[in-house]
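Each chain, written out:
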Amino acid sequence: MSLTNIVPLEDGWEKIKNEGIKVLEEFLDTGHIRSAVPQHQDPTKPKNVFSKANYAELYTTVYNMCTQRTPNNWSEHLYRRYGEAMSEYVQRQVLPALKDKTDIQLMKELLHRWSNHKIYVKWMDRFFTYLDRYYVKLQSVEPLHNRGYSIFNQQVFQVVIKDTRAALLKIINQERQGEHIDQDLVKGVIEIFIDLGLNSPNLYNTEFEEAFLPATSSYFVRQASGWLSEDSFPEYLRKAEAALQAEEQRCYNYLNRTTLPKLKNVVIQAVLSNPQSQLLEKETGVVYLLDNDKREDLARMHRMFSLVEDGLAPIAHSFRQYVTDRGNQIVDERVEQQRQVSSKTEALNDPAFIQTLLELHDRFKGIVNECFSQDSRFQKSLKEAFEVFVNRDIGKFSFAALMSSFCDRILKKSGERLSDEQVENLLTKMVELFSFLSDKDLFAEIYRNQLSKRLLYETSASEDAEKSMIAKLKMKCGAQFTSKLEGMLTDLSLALDTQKDFKDHCEQLPEGKGALGNIDFNVTVLTTGFWPSYQVQEASLCPEMQKAIQVFSNYYNGKTQHRRLQWIHHLGQATIAAKLNGRRHDLIVNSYQALILLLFTRDEGHNLSFIQNSTGLEPSMCKKLLATLSIAKFKILTKTGDAKTIEDDATFTPNDGFVCQHRKIKIPPPVTEETHNKERVEEDRSIAIEAAIVRIMKMRKTLNHQQLVTEVLTQLAFFKPNPKLVKQRIEHLIEREYLERDKDQASKYRYLA
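Residues numbered from 1 in each chain as written. Predicted model: local features only at pLDDT ≥ 70, side-chain atom pairs only at ≥ 80, totals over all residues. Heavy atoms only, no water.

Novice: So what's going on with the side chain of Q593? Residues and values would help.
Specialist: Topologically, Q593 is positioned in helix 24 (residues 591-597). Those residues in contact with Q593 that sit more than four places away from it in its chain are L625, T628, L629, I667, P668, P669 and P670. (Helix = DSSP H or I, 4+ residues; strand = E, 2+ residues; numbered from the N terminus. Contact = heavy atoms within 4.5 Å.)

Novice: Can you explain helix 8 (residues 202-230)? Please cite residues and give values.
Specialist: Under the 1.5 Å per step criterion, the end-to-end length of helix 8 is 41 Å for 29 residues, consistent within 8% with the ideal 42 Å. E209 marks where helix 8 bends most, by close to 45°. (Expected span 1.5 Å × (residues − 1). Bend = angle between axes of the 7 residues up to and from the residue.)

Novice: Help me get a handle on the sheet that holds strand 5 (residues 651-654), residues and values and all.
Specialist: Spatially, 3 strands are ordered 3-5-4 in an open sheet, and the strand pairing comes out antiparallel. One side of each edge strand has no neighbouring strand; the edge strands of this open sheet are strand 3 (606-607) and strand 4 (637-639). Relative to strand 5, strand 3 runs antiparallel, the two being bridged by 2 bridges. Note that in strand 5 the partner of H606 across the bridge is F652. (Pairing = 2+ DSSP bridges.)

Novice: Help me get a handle on the sheet that holds strand 9 (residues 748-751), residues and values and all.
Specialist: Read from one edge of the open sheet, 3 strands run 7-9-8, paired in antiparallel fashion. Each edge of the open sheet is held by one strand with a lone partner, namely strand 7 (702-704) and strand 8 (739-741). Along the sheet, successive strands turn relative to each other by an average axial angle of 30°, direction set aside. Against the sheet, helix 28 (residues 705-715) makes contact with strand 7 and strand 9, and its axis sits at roughly 95° relative to strand 7, the strand it touches most. (Axes fitted to C-alpha atoms, helices over the stretch in contact; angles between N-to-C directions.)

Novice: Run through the pattern of salt bridges, naming residues and quoting values.
Specialist: Counting across every chain of the model gives 46 salt bridges. As a salt-bridge pair, K15 and E57 come within 2.4 Å of each other at their nearest N and O atoms. Within this pair, whereas K15 is found in helix 1 (residues 9-30), its partner E57 is found in helix 2 (residues 52-67), the two being separated by 42 residues in sequence. Between R663 and D586 there is a salt bridge, with the nearest N and O atoms lying 3.4 Å from each other. Of this pair, R663 sits in the loop between strand 5 and strand 6 (664-666) while D586 sits in strand 2 (residues 583-590), placing them 77 residues apart in sequence. Owing to a relative accessible area of 45%, R663 belongs among the partly exposed residues under this scheme. The network of salt bridges with common partners includes E235, R238, E241, E296, D297, R300 and R303. (Salt bridge = Lys/Arg side-chain N within 4 Å of Asp/Glu carboxyl O. Buried < 20%, exposed > 50% of the residue type's maximum accessible area, 1.4 Å probe, protein only.)

Novice: Break down the packing of aromatic side chains for me, with residues and values.
Specialist: Across all of its chains, the model carries 30 aromatic pairs by this definition. Their ring planes at 45° and their centres at 4.7 Å tell us that F434 and F443 sit as a pair that is tilted. Judged by relative accessible area, which is 1%, F443 ranks as buried. Linked through ring pairs, F502, F521, F552, Y555, Y556 and W567 together constitute an aromatic cluster. (Phe/Tyr/Trp six-rings, centres within 6.5 Å; stacked < 30°, edge-to-face > 60°.)

Novice: Now, about unusual backbone geometry: what can you tell me, with residues and values included?
Specialist: Unusually for a residue other than glycine, Q374 sits at a positive phi of about 55°. Summarising the element assignment, Q374 is placed in the loop between helix 16 (352-370) and helix 17 (376-390). We note that E458 has phi near 55°; this positive angle belongs to a residue other than glycine. The topology assignment puts E458 in the loop between helix 20 (440-456) and helix 21 (463-477). Given a relative accessible area of 59%, E458 falls into the exposed group.

Novice: Give a description of the packing of helix 1 against helix 4 (residues 103-127) that names residues and reports values.
Specialist: The geometry of helix 1 relative to helix 4 is characterised by a closest axis approach of 10 Å and an angle of 160° between their N-to-C directions. Between helix 1 and helix 4, the interaxial angle falls into the category roughly antiparallel. Where helix 1 crosses over helix 4, the handedness of that crossing is right-handed. The residues of helix 4 that touch helix 1, namely those facing G20, I21, L24, E25, F27, L28 and D29, are R113, N116, I119, Y120, W123, M124 and F127. A per-class count over the contact of helix 1 with helix 4 returns 9 nonpolar, 2 polar and 3 charged. (Parallel < 35°, antiparallel > 145°, perpendicular 65-115°, else oblique. Left-handed = near helix turned anticlockwise from the far one by under 90°. Nonpolar A, V, L, I, M, F, W, Y, C, P; charged D, E, K, R; others polar.)

Novice: I'd like a description of the environment of R147, backed by residues and values.
Specialist: Mapped onto the fold, R147 is located in helix 6 (residues 144-176). Taking the C-alpha atoms as reference points, R147 and N449, 302 residues apart in sequence, are found 92 Å from one another. Once residues lying within four places of it in the same chain are set aside, the contact partners of R147 are Y79, R80, Y82, G83 and E142.

Novice: Quick rundown of the packing of helix 8 against helix 9 (residues 233-254)? Include the residues and the values.
Specialist: Orientation of helix 8 relative to helix 9, taken along the N-to-C sense of each, is 160°, at an axis distance of 10 Å. What the angle tells us is that helix 8 and helix 9 run roughly antiparallel. Crossing angle aside, the handedness with which helix 8 passes helix 9 is right-handed. Packed against helix 8, whose contacting residues are T216, F220, A224, W227 and L228, the element helix 9 presents Y236, K239, A240, A243 and E247 at the interface. Tallied by class, residues from the contact of helix 8 with helix 9 come to 7 nonpolar, 1 polar and 2 charged.

If you want it as structure tokens, here you go:
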């Protein structure tokens, strides 16, 4: 570059100042733009302060001044004067405009001046682009854009920052109190904090957030105090939820998003966490909401206190206590009723108690699902509450017996008239209630006895319903629990095949039907292990029965090996044709009742002694059977003496005065007292406890007494034994040399391989 083309510093700067900086400052102060500068057609776009030619000329001047050789390279001087020009403008125009202004006026003026300053920086950056591109990078000094922002921060913002912050906090509080505010203004001022942080949130955090959050906390502590004294628990929660939502919206409207979690935490602490204990002690608290089934309020309570760390624990405890109290109340009423109930049938056949518990569980399960979002903590509380009162001692008839009898009533033909869907729903609910029962093994034993009666007496309403119930129990307790129940259904299915095969066998016999004594004869073969143990009562069968039994025994023994048939006659069923009072009836009775009736083939009388000797039945059983035929609803026989008891000297004759509209009459057999074998249940429990002890000790080798008892109780799924019983079984295993006591420590056991 020749000497004649060198741009002196003062000449160049004068040109930049007069044609660039002063024009820009005039626009900022007055909005005036020279008429020669062309503008966009789109009014939404920013106005052009300079024409392309003006801009190019200024850019070239700076370029020339920065590319001249030393000592005429004015880069350093231009960098310094860039800051000086901006500082001079700020001191001359901006600070006086902000002086003595407060609140909204301050915020408006500050936002206006900041908007102007950003325009100032933008155009100055354009003029000095070459300086920024080379000098700044080579010298590692602050970029021009940042330098422009720093000038505003240091010389303007730091002067008014306290007043600005106070104005912001005041206007935000006004909005909290329901006043309408200019949110765009607030957002613009907040953005000044963020923009001046130079891509770092420190300024916003330290100068605004650190004052805003404590101020918010103080505000809501005051609010909470007022709500606490004036409002009910549900109303308080409604206000707290509305406040929290409003603060969240505030964050989205004009605060920095990083403030949201901190702001929520501050509000939660002030309105929920700190006053939680006082809130829950209100008369309109958890118990009131549950009493009045306020589901919307319960859901809100769960939503709100789930935001508090461990805030749901006291609510879950109150919920558990409430459910326990309601359950205990129902059980207490039942215990009181049972004292007034004399008959076992009346006690077990009344479904009201179990139905009430099902409705109770339904209600609280609905609350857990709908209001508490299936929260595992509340599911656990519900389970623990039901386990308390479902396992209470309620007198003679246990929960297991009542539950099983309820299922029996649903599944029997003579039970309630219910659709398949209703039966399915009731069974599902019943299994849920059953899952809280400790004595699951006792339920299984009673249920098995009742199932056997439904299957053998053909009183089951639906095979599908029976299978569905067993499948539900299997899902809840495992295959081991239902193996016998499934075996019973399988037995009946196989028995049909056996009967069909036996019928084909009989048709091939030379005598045909005569081989069976000319009677229709069906046999149901059951597997001993699946079915309840039945007492075998010897009896003198009639010749026809004996003949038919012998034919079947020969057939079965020829078909199978190593299987022994044992005939349970009291489960058998016979249909006897009778002519009473000139009318034909078909009497459906059990095998023993049939033996007695077959003694009266002619119009004759027999005394008790004759009947006992002829049938070979025990005296007590014989009296019970005669009672069903002469004292009960269908008086097939008449007797002498007292009409309500069977005396030893009573004589029986066919009842010629018998009247019944039905041809087919089913005469119930004597009622068997026990629905389950208690001794068998106790024996099975002892075996299960010993098996668990051996399994644990085989794995652990040595264990102290308390640990062993704890692990045994954990392993036993179908009942909860008394620790004393576990101790007895340990002693028994020591006697049988499965275990031994440690010589040095009596409470420690060793496994003997």
